[in-house]
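One-letter residues, chain by chain:
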Amino acid sequence: MTDQTRPSFRAALSNRTMQMTLGGFAFIAAAAGAALAVQAPAAVSPTDVSPANRAAIEKIVHDYILEHPEIIPQAVEKLQARRLSGTIDASRSALETPYAGAWEGAANADVTVVEFFDYACGYCRASLPDLAKLVGSDAKVKVVYRELPILSEASSDAAKVSLFAAERGQYMPYHKALYGAGKVTRDTIIAAAAKAGITRSEAESAIASSKYDSEIQSNIALAQKLQATGTPTFVIGGQVLNGAVGFDALKEGVAAARGK
């Protein structure tokens with residue numbers, strides 16, 4: 001992954017604030033239109049409402065929004081959640097199909113938790129025991145790990161060795177060893193690989209290889225589609241959870257996905 005990739009990813013994330021603002025204005029316009037539609041008979045379009053009635057309805061909507069401005073972010077949030085759910089459904093296969101052995105938990109799971117992560121991310125490290133607890137307490141959950149190395153060049157090196165480990169069936173040993181090693185550097189990557197049974201030469205070859213670039217770029221594209229705000233980002237059912245949300249939130253997300 002090149003240095004140009006990380007800035008472009010961050011730039012894409014910064015657009016989310018503008019999208020939310022525009023969404024608020026769109027909601028106000030839609031609210032007025034919806035009110036007109038409700039007030040008008042089913043066989044009459046809003047454009048057929050008399051100017052006097054239209055003005056009265058628009059004033060009611062205007063005054064209500066001014067008195068209850070909290071409904072705007074609530075409505076925008078609901079709209080965003082609905083759109084994200086549709087995006088997730090359209091990308092479900094790409095999200096939940098792991099790269100080789102980059103997963104843990106139940107092979108025949110009824111709910112799949114997807115984590116976008118960076119080995120240099122402290123919050124991702126903090127989420128590791130939460131995911132282990134989730135998998136250990138629920139025999140029908142699978143966790144699919146998707147590398148999103150956006151924090152440093154070492155992140156990209158670590159991700160490449162991670163994907164190599166996934167091909168070798170040594171993913172989780174490497175994954176846990178590297179998170180347990182502290183700061184991500186070339187030395188800690190090599191040491192974690194060794195603990196997983198990967199030689200120095202194999203790890204260095206993976207780092208030098210361009211073989212894994214397409215997988216990493218695919219993960220970045222997926223994260224942008226889902227309006228991820230950084231790492232970790234979790235996808236459960238139709239929800240996107242940003243940040244180290246903790247075990248309880250993960251468990252609730254699984255229950256919600258299972259209930260649909």
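Parameters and conventions
- Residues numbered from 1 in each chain as written.
- Predicted model: local features only at pLDDT ≥ 70, side-chain atom pairs only at ≥ 80, totals over all residues.
- Heavy atoms only, no water.
- Buried < 20%, exposed > 50% of the residue type's maximum accessible area, 1.4 Å probe, protein only.
- Helix = DSSP H or I, 4+ residues; strand = E, 2+ residues; numbered from the N terminus.
- Arc of directions from axis to C-beta.
- Contact = heavy atoms within 4.5 Å.
- Polar contact = N/O pair within 3.5 Å; in protein donor to acceptor, adjacent residues only side chain to side chain.
- Pairing = 2+ DSSP bridges.
- Axes fitted to C-alpha atoms, helices over the stretch in contact; angles between N-to-C directions.
- Salt bridge = Lys/Arg side-chain N within 4 Å of Asp/Glu carboxyl O.
- Parallel < 35°, antiparallel > 145°, perpendicular 65-115°, else oblique.
- Left-handed = near helix turned anticlockwise from the far one by under 90°.
- Core = buried A, V, L, I, M, F, W, Y, C linked by side-chain atoms within 4.5 Å.

Colleague: Is there a simple way to think about helix α9 (residues 200–208) in this case?
Modeller: Working note: α-helix, 3.6 residues per turn, so residues spaced by three or four point in the same direction. Of the residues making up α9, those classed as buried are Ala-203, Ala-206 and Ile-207. Taken end-on, α9 shows its buried residues confined to a sector of 100°, consistent with a single buried face. Among the structural elements, α6 (153–167) and α8 (186–195) are those in contact with the buried residues of α9.

Colleague: Please explain the environment of Pro-232 as it appears in this structure.
Modeller: Mapped onto the fold, Pro-232 is located in the loop between α10 (213–225) and β4 (233–236). Expressed as a C-alpha distance, the spacing of Pro-232 and Tyr-123, which sit 109 residues apart in the sequence, is 6.7 Å. Those residues in contact with Pro-232 that lie beyond four places of it in its chain are Glu-115, Phe-116, Cys-121, Tyr-123, Cys-124, Ser-127, Leu-241, Asn-242, Gly-243 and Ala-244.

Colleague: Explain the environment of Tyr-179 here, please?
Modeller: Here Tyr-179 is to be found in helix α7 (residues 171–179). Relative accessible area serves as the criterion here: at 4%, Tyr-179 is assigned to the buried category. Sequence-wise, Tyr-179 and Ala-126 are 53 residues apart; in three dimensions their C-alpha atoms are separated by 9.3 Å.

Colleague: Whenever I open this one, the side chain of Asp-138 confuses me. Can you help?
Modeller: Mapped onto the elements, Asp-138 comes out in the loop between α5 (122–137) and β3 (141–147). Residue Asp-138 is classed as buried on the basis of its relative accessible area, which comes to 15%. Polar side-chain contacts of Asp-138 include one of 3.0 Å to the backbone nitrogen of Lys-140. Setting aside anything within four residues of it in sequence, one finds Asp-138 in contact with Val-254 and Arg-258.

Colleague: What is the right way to look at the sheet that holds strand β1 (residues 103–105) in this model?
Modeller: In any sheet, the strands associate via hydrogen bonds between backbone groups, in a parallel or an antiparallel arrangement. Read from one edge to the other, the open sheet built from five strands follows the order β1-β3-β2-β4-β5, with strand pairing classed as mixed. Each edge of the open sheet carries a strand with a single partner, namely β1 and β5 (239–242). Adjacent strand axes in the sheet meet at a mean angle of 20°, parallel and antiparallel pairs treated alike. Of the pairings in the sheet, the one linking strand β2 (residues 111–117) to β3 comprises seven bridges and is parallel in character.

Colleague: Can you walk me through the pattern of salt bridges in this structure?
Modeller: Once the charged atoms of two side chains with opposite charge are near each other, the side chains can pair. Under the criterion given, the structure shown has twelve salt bridges. Two residues, Arg-200 and Glu-204, come together in a salt bridge whose shortest N-O distance is 3.3 Å. Taken together, the residues Arg-200 and Glu-204, both in helix α9 and four residues apart, mark about one turn of the helix. Relative accessible area serves as the criterion here: at 32%, Glu-204 is assigned to the partly exposed category. Where salt bridges share partners, they join Asp-89, Arg-92 and Glu-96 into one cluster.

Colleague: In this structure, what is going on with the packing of α7 against α8? I would like to understand it.
Modeller: For any two helices packed against each other, the geometry comes down to the angle between their axes and how far apart the axes lie. Following both chains from N to C, one finds α7 and α8 inclined at 140°, their axes separated by 8 Å at the closest point. By the criterion of interaxial angle, the relationship of α7 to α8 is oblique. Handedness of the α7/α8 crossing: right-handed. For the pair α7 and α8, contact is made by Tyr-174, Ala-177 and Leu-178 and by Thr-188, Ile-189, Ala-192, Ala-193 and Lys-195, respectively.

Colleague: In this structure, what is going on with the side chain of Asp-118? I would like to understand it.
Modeller: One can find Asp-118 in the loop between β2 and α5. With relative accessibility at 1%, the residue Asp-118 sits in the buried group. Within the structure, the side chain of Asp-118 is placed 2.9 Å from the backbone nitrogen of Leu-151, a separation counted as a polar contact.

Colleague: Explain the nonpolar core here, please?
Modeller: Soluble, globular proteins show a tendency: their nonpolar side chains are buried together. Counting 62 residues, the largest nonpolar core has Val-113, Phe-116, Tyr-119 and Tyr-174 as its most contacted members. Dropping the residues within four chain positions of it, Tyr-174 is found in contact with Tyr-119, Ala-158, Val-161, Ser-162, Ala-165, Ile-189, Ala-192, Ala-193 and Ala-196. Core analysis: the second largest hydrophobic core is formed by six residues, Val-61, Ile-65, Ile-71 and Val-76 among them.

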